[in-house]
Amino acid sequence: MVGPARPLFVLFGSSIVQLSYSNGGWGAVLSDIYARKADIILRGYYGWNSRRAAKILDLVFPKDAPVQPSLIIVYFGGNDSMGPHSSGLGPHVPLSEYIQNMRKIATHLKIAYAALPSFFVFATLCTNTGNEFQSLSDKTRIIFLSCPPVNEAKLAENTSTYFSELVRTNELCRMYSEACIELCKEMDVKVVDLWTAIQRRENWMNACFTDGVHLSEEGSKVVVEEILEVLKQAEWEPSLHWKSMLTEFSEESPYDLVASDGKTTINPSEWTYHRKIQWD
């Protein structure tokens, strides 16, 4: 660990997260936007589903850690929504179990009893003891990303004989996306509707994917836009939107670049001109 300490953001999910630093990915873009403001940590696992994620929550997010994240962005659903394999193997998770797994993840990261149905709170309290349902921190915020769409034709072109038959359809993605959004409404968790947001882009099927399912630079732009909008609109104290956060070591210095008058310096700590997109 290096200092000074900054707010900690964690990206947690499957390959959409693991690959978020590739191909102009959304994780890399967020790291640029939050440079000198927050440290962004990647916890992405290629091929994972919500069932596997729910089993390792204490390892990735221990509740006794001395420093807890300020923001956790969670994505699972693309692998869960794949059609079941006849062998019983593979990443498919039935929709009802997916909802329960995502509920468990949200509950572990930040439970809010007031936002939960009374029957769920009662059952939870009756079957758990100790600090199992203590949230990570009162200041930990979470955003879920729903399942994005897929380009079915492109997926079919890229199917490898190395794998058994893979079943990914837009209809299955829609079902899991809507289930995630509904759960987030129920639990008062911020959510990005990726299934809808990506399809608003012109020529989204070709522009937003590298292989029909994983995001291209254009697809990642959608993710960044949607996350920043949530952060901008959220009534969180303190705000986690980048424009509201302090920039580390932003004070004036005689060591800064000298201005044209030859007498003063120019503070570059807030410069963003290098970005192709001037994010809001």
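Residues numbered from 1 in each chain as written. Predicted model: local features only at pLDDT ≥ 70, side-chain atom pairs only at ≥ 80, totals over all residues. Heavy atoms only, no water.

Within an unreviewed UniProt entry, the label attached to the protein chain reads GDSL esterase/lipase wdl1, and the organism entered is Salvia divinorum.

## Some points on the sheet that holds strand E1 (residues 8-13)
Reading across the sheet, the 5 strands line up as E2-E1-E3-E4-E5 and stay open at both edges, with parallel pairing between neighbours. Among the strands making up the open sheet, the edge pair consists of strand E2 (39-44) and strand E5 (190-192). When the angles between neighbouring strand axes are averaged without regard to direction, this sheet yields 20°. As judged from the 6 bridges shared by E1 and E2, these two strands associate in the parallel manner. (Pairing = 2+ DSSP bridges. Helix = DSSP H or I, 4+ residues; strand = E, 2+ residues; numbered from the N terminus. Axes fitted to C-alpha atoms, helices over the stretch in contact; angles between N-to-C directions.)

## Structural notes on the pairing of E1
Every regular strand shows the same layout, with side chains that alternate between the two sheet faces. Within E1, 6 of the 6 residues are buried, which leaves it mostly tucked inside the rest of the structure. The two faces of E1 match: Leu8, Val10 and Phe12 on one face and Phe9, Leu11 and Gly13 on the other face are all buried. (Buried < 20%, exposed > 50% of the residue type's maximum accessible area, 1.4 Å probe, protein only.)

## Some thoughts on the side chain of threonine 247
Counting through the fold element by element, threonine 247 comes out in the loop between helix H11 (217-233) and strand E6 (257-258). What makes threonine 247 buried here is its relative accessible area of 9%. Within the structure, the side chain of threonine 247 is placed 2.8 Å from the side chain of glutamate 270, a separation counted as a polar contact. Not counting residues up to four positions away in its chain, the partners in contact with threonine 247 are Arg36, Lys37, Ser269 and Glu270. (Polar contact = N/O pair within 3.5 Å; in protein donor to acceptor, adjacent residues only side chain to side chain. Contact = heavy atoms within 4.5 Å.)

## Brief notes about the pattern of salt bridges
Tallied over the entire structure, the rule returns 14 salt bridges. For arginine 6, the salt bridge identified is with aspartate 39, shortest N-O distance 3.3 Å. Taken together, the positions of arginine 6 in the segment before E1 and aspartate 39 in strand E2 put the pair 33 residues apart, joining distant regions of the chain. By relative accessible area, arginine 6 is classed as partly exposed at 25%. (Salt bridge = Lys/Arg side-chain N within 4 Å of Asp/Glu carboxyl O.)

## Looking at the environment of arginine 275
As for its placement among the helices and strands, arginine 275 is situated in the segment after strand E7 (265-266). The exposure class assigned to arginine 275 is buried, which follows from its relative accessible area of 10%. For the pair arginine 275 and isoleucine 33, spaced 242 residues apart in sequence, the C-alpha to C-alpha distance is 8.9 Å. The contacts of arginine 275, once residues within four sequence positions are left out, are Asp32, Ile33 and Trp242. In terms of polar contacts, arginine 275 uses its side chain to reach the backbone carbonyl oxygen of isoleucine 33, at 3.4 Å.

## Details of the environment of leucine 136
Mapped onto the elements, leucine 136 comes out in the loop between helix H6 (118-127) and strand E4 (141-145). Between the C-alpha atoms of leucine 136 and leucine 109, which are 27 residues apart in sequence, the distance is 5.7 Å. Setting aside residues no more than four positions away along its own chain, leucine 136 makes contact with Phe61, Pro62, Lys63, Gln68, Pro69, Ile72, His108 and Leu109.

## Some words on a nonpolar patch on the surface
Judged by side-chain polarity, Leu257, Ile266, Trp271 and Tyr273 come together as a nonpolar surface patch covering roughly 450 Å² of accessible area. Position of leucine 257 relative to the elements: it lies in strand E6. (Patch = residues over 30% accessible without salt bridge, like charges linked within 9 Å, V, L, I, M, F, W, Y side chains within 5 Å. Areas by Shrake-Rupley, 256 points an atom, 1.4 Å probe, with all protein chains shown as cover.)

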